[in-house]
Structure formats: C-alpha cells, structure tokens
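# A closer look at the structure
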Amino acid sequence: MQAPILMNLSMDERLKNIAEDGDVDGLFSILAQDPYVLDRIDQIPVVDTPLHVAARAGKTHIAVEIATLKPSFARKLNPLGLSPLHVAVQNGHEQTVRAVVRIDSELVRVNAKGRVTLLHYVAQTENVNLLARFLRDCPSSIMDLTAQCETAAHVAVKNNRFTAFKLLLGWLRRANKEYILRQRDEDGNTVLHIATSTNQPQVMKLLINHVDVNAKNCRDLTSMDIFQLQRDSLDREVGNILRRAKAKRSSEITEPPLTLAERLRRELSFIEKRDKYLGIDQSQDSETTPRDVRSIVLVVATLIATATYQATLSPPGGIWQDDSPSKSNTTSNYGQAQQKSHRAGEMIMDSSKFSAFFTCNAMAFYPSVCTILVVVIGLPYSYILHYSSCFLLYAYFVSMAIISPSGGAGNPLNAIFLFISLLMTFAVVWFPLSHKLKAPVEKLINL
C-alpha cells in the first residue's frame, strides 16, 4: 500500500514538461483532470516543485500562476536546499524573481540551506539591482542572519563585494539602522574585523564612523590586534585608517564593554524612562509603533505651544498703538475720561489681570515646549531642536517683558521675566547634555 502512495506524491512528468515550456493552458488542463495534483506535491516536505522547474527555466507567467494557486510552493525547498526564487536568481532570471516577489514581498526572507535568504544571496553575487529592489520591497530582510549569524553586510564583505556593501551601507544610513553594522557573526567578528583581516581599506573608510573600532571578537581581538597579527600581509593603509580612528589593542582597553546582562541589571536610561511614561512600546508585537505615539504627542504639544505663543503676540484686549508718557484728561461728548500712561507696544489690560494671564499662559507654554524637547531626544539632529528652542523660550519671555502693562526698562517685573528666561535657557541647554543617552535594549546588538 505504501508504494502507490509514494508514486502518487511524486510530480507528474507532464506537469514538469508544462512548467518547463511555460504552458499555462496545459497547467489548467491537468488541474481540470486532477484538481489535487498540486496538493499531493505539497505534502512532500522537500521536493522539486513545478515552481522550481518554472523558475529554473525562467518561465515567468506560469511561475506567477503556480505561486498564486499554491503560495506554499514559493517557500518549499528542493533536495539541494533551494527555494524556487533562489533557483531563479541562481540561473539569472531576474524578471521571474521580481514578478513572484510582487505577489508576496516576504518571500525575500525565505531561508534556503544555511539560512541564506535572497538578500544574502544577491549580496554575495553582487546583483545590485535585485539587492536594491529587495531592500525596498522588504526592508525587514536586513535583520535576517545566516546559520553563521552573518548579516548581508557580513556576506558582502566576506566575498569582497565592495559595490554591494556600499549599497547596503547607503540604505542603512537612510533607514537609520547603522546599528546593524555592530552585529557579530558566530566568531564574534563585526564587519570591521572582517574588512581588516581581508585587507579591504575602501570598506574600512566607509565603515569606520559607524561602528565601535574597539569591539572584540570571541578570541578577544580588536581590529587593531588583527592588523598587528597580519601586518605583513595587509596594506599599510589599513593600519593608518585604524590609527586615525584611535583604535586600540585589547590590552590597551581598560574598561570592558557592558554585556547585555549587565545593561539589563542597570537602572532604566532616560530614553527608556521616557518611553515608559509616554506609553511607547518598543516590542515588535506592539500594534502601535513608537513613531505613531511620538507623532501624536508632538502634534498636541506643538498646537499648545503655538496657541500660547500666539497669545503673547496678540494678547486679550490688544496693545497700545501710541505713547502716552503721563496721565491725561480727554474730553468727549459723554464727559471727561482719564487715560493712564503707557507706551506703544504695551498691553492694554491692567497689571492685576496681566499677572493672571501670564501665569496661565506660561503654565501651558512651558510644559508643551518641554514635552517636545523630551520626545525628540535621541532622534537625529535633536540637539539642533534643543538649541533653537532656547531662542524660542528667550523670545517668549522678552515678548512678555516688553508688552507688560507696567513697562519700562527698570521695571522689576521685566527683570524677573528676563531672569527666568535666562534660567530656562540654561536648563534647556544643560538638560540634553547632562544625560548620557543610551539606545533601547532592542538595539543592543550582541552585547
């Protein structure tokens, strides 16, 4: 009874011929005769499916039809440990690869033998067109590791594929994912270790500002140690690059780097506390991304800051348009009225009402600006936003001092305003500089 079952599970010879010829009509003719032929093939864990055959022959149309009828075929490995798309790339059929990936971009992450994904494979073969397309269609594929814990950057450098590495680095910089370059392979080597040992100064020049030049591998060797051990076979420029980056030998490093266990035992960093109190969940299974939460908080805080700042420029009751150095009597048809002394640009409301207005306005303006500053900490160019906020705060208090109804350069209220503005400006400058900003735990690669 077992032999007939095995015979039924093997691929029909006609189906193979149809896949090789790209005969879509013939495929549906077979399915009309035997609707379960593809299901029986799918029951075999490792098999050369009709999709493998079509991919090997570069028959794009029938490959798309089969991948649509039986999506699981696109993830199935043949006896050589290759998926249909790996077979297509191996045989140079880019059009077939692109067409099938359009059906499901996650196919870029399918693991072949050795957990090699399509991204790893095109980085190894330096097919830059497909490499760029895979990064665009499936950005998460950059996180995938081979069985040797290698990223696509490791693979490109190990195979001396400079153009592919340059493309990967450019994408990582644009996606703000340079931390992936700190990933270590099974031997503890970063991309810099590999570039040093394989004598690739061009790669090192591009890489040196994005990695820890003093990272150690499993043999407790830094990149400078590797250069010293292999200096006779390495280019002198390799050593010069490391020296300019102030790279050290392992014996010269006095403070060992923190391990992940040591980092987790420490108190939360400021960024982690901020994310906790703002309800930002960094976990991958969270339905709300940190970017969504930050955007909502920033929009609300910006609206409050804008409204309160605008209130200082157009205060309730308006501002005087002329100077009146002393109290004067003005006569109208309705009798005599007394006008208080004022200067152009001062608020019309009296001092008691101004104190209430300023207190409420400042209590809304300050927290909103501080919220903006806290949310943007850790983002690219956040220091520029901090320093520009200093001038915004100073301008706010200068405006309030100028339009205060009691006016005058020697007025005590003005002096208090300016003093507070200087204190707040100092606090805003000091605050980001006083915190050593640490990356979230999720980005601590191989500590």
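Our subject in this report is the structure included herewith. (Residues numbered from 1 in each chain as written. Predicted model: local features only at pLDDT ≥ 70, side-chain atom pairs only at ≥ 80, totals over all residues. Heavy atoms only, no water.)

## Some points on the overall build of the chain
Regarding its fold elements, the chain presents 22 helices and two strands. Burial status across the chain gives 40% buried among its 447 residues. For the chain, contacts bridging at least 24 residues in sequence account for 69% of all contacts bridging at least 6. Put simply, the chain shows about 24,500 Å² of open surface, and 55% of that area lies on carbon and sulfur atoms. (Helix = DSSP H or I, 4+ residues; strand = E, 2+ residues; numbered from the N terminus. Buried < 20%, exposed > 50% of the residue type's maximum accessible area, 1.4 Å probe, protein only. Contact = heavy atoms within 4.5 Å. Areas by Shrake-Rupley, 256 points an atom, 1.4 Å probe, with all protein chains shown as cover.)

## Description of helix H18 (residues 270-278)
Three or more residues of H18 are buried, namely Ile 271, Glu 272, Arg 274 and Asp 275. The buried residues of H18 occupy an angular sector of 160° when projected down its axis, which confines them to one face. Exposed residues lying more than 90 degrees from the buried face of H18 are Lys 276 and Tyr 277. Looking one or two residues beyond H18, the residue adopting positive phi is Gly 279, at roughly 75°. (Arc of directions from axis to C-beta.)

## Description of the nonpolar core
Formed by 71 residues in total, the largest nonpolar core has its most connected members in Leu 119, Phe 134, Ile 142, Phe 165, Leu 168, Leu 181 and Leu 242. Among the elements that take part in this core, helix H12 (residues 162-174) stands out by supplying six residues, more than any other. One finds Met 349, Phe 357, Ala 362 and Tyr 396 within the second-largest nonpolar core, a separate group that totals 17 residues. (Core = buried A, V, L, I, M, F, W, Y, C linked by side-chain atoms within 4.5 Å.)

## Describing the side chain of Arg 184
Looking at the element boundaries, Arg 184 is found in the loop between H12 and helix H13 (191-197). An unpaired buried charge is present at Arg 184: no salt bridge exists, and Asp 212, the closest side chain of opposite charge, is 5.6 Å distant. Here the side chain of Arg 184 touches Lys 216 through a polar contact of 2.3 Å, landing on its backbone oxygen. (Lys, Arg positive; Asp, Glu negative; His and termini not counted. Salt bridge = Lys/Arg side-chain N within 4 Å of Asp/Glu carboxyl O. Polar contact = N/O pair within 3.5 Å; in protein donor to acceptor, adjacent residues only side chain to side chain.)

## Section: the packing of aromatic side chains
Per the stated rule, a full pass over the model turns up four aromatic pairs. Summarising the aromatic geometry, the rings of Tyr 309 and Phe 365 are spaced 6.1 Å apart at their centres and angled 35° between planes, so their arrangement reads as tilted. One end of the pair, Tyr 309, is in helix H19 (residues 290-313); the other, Phe 365, is in helix H20 (residues 351-376), and 56 residues separate them in sequence. Note on Tyr 309 and Tyr 396: the rings are 6.3 Å apart at their centroids and 35° apart in plane angle, and the pair reads as tilted. Separated by 87 residues along the polypeptide, Tyr 309 in helix H19 and Tyr 396 in helix H21 (residues 382-403) bring together distant segments of the chain. (Phe/Tyr/Trp six-rings, centres within 6.5 Å; stacked < 30°, edge-to-face > 60°.)

## Side note on a negative patch on the surface
On the surface, Glu 13, Glu 20, Asp 21, Asp 23 and Asp 25 cluster together into a patch of negative charge. Per-element tally for the negative patch: the top contributor is helix H2 (residues 13-21), with three residues. Looking at where Asp 25 falls in the secondary structure, it is placed in helix H3 (residues 24-33). (Patch = residues over 30% accessible without salt bridge, like charges linked within 9 Å, V, L, I, M, F, W, Y side chains within 5 Å. Charge placed at Lys NZ, Arg CZ, Asp CG, Glu CD.)

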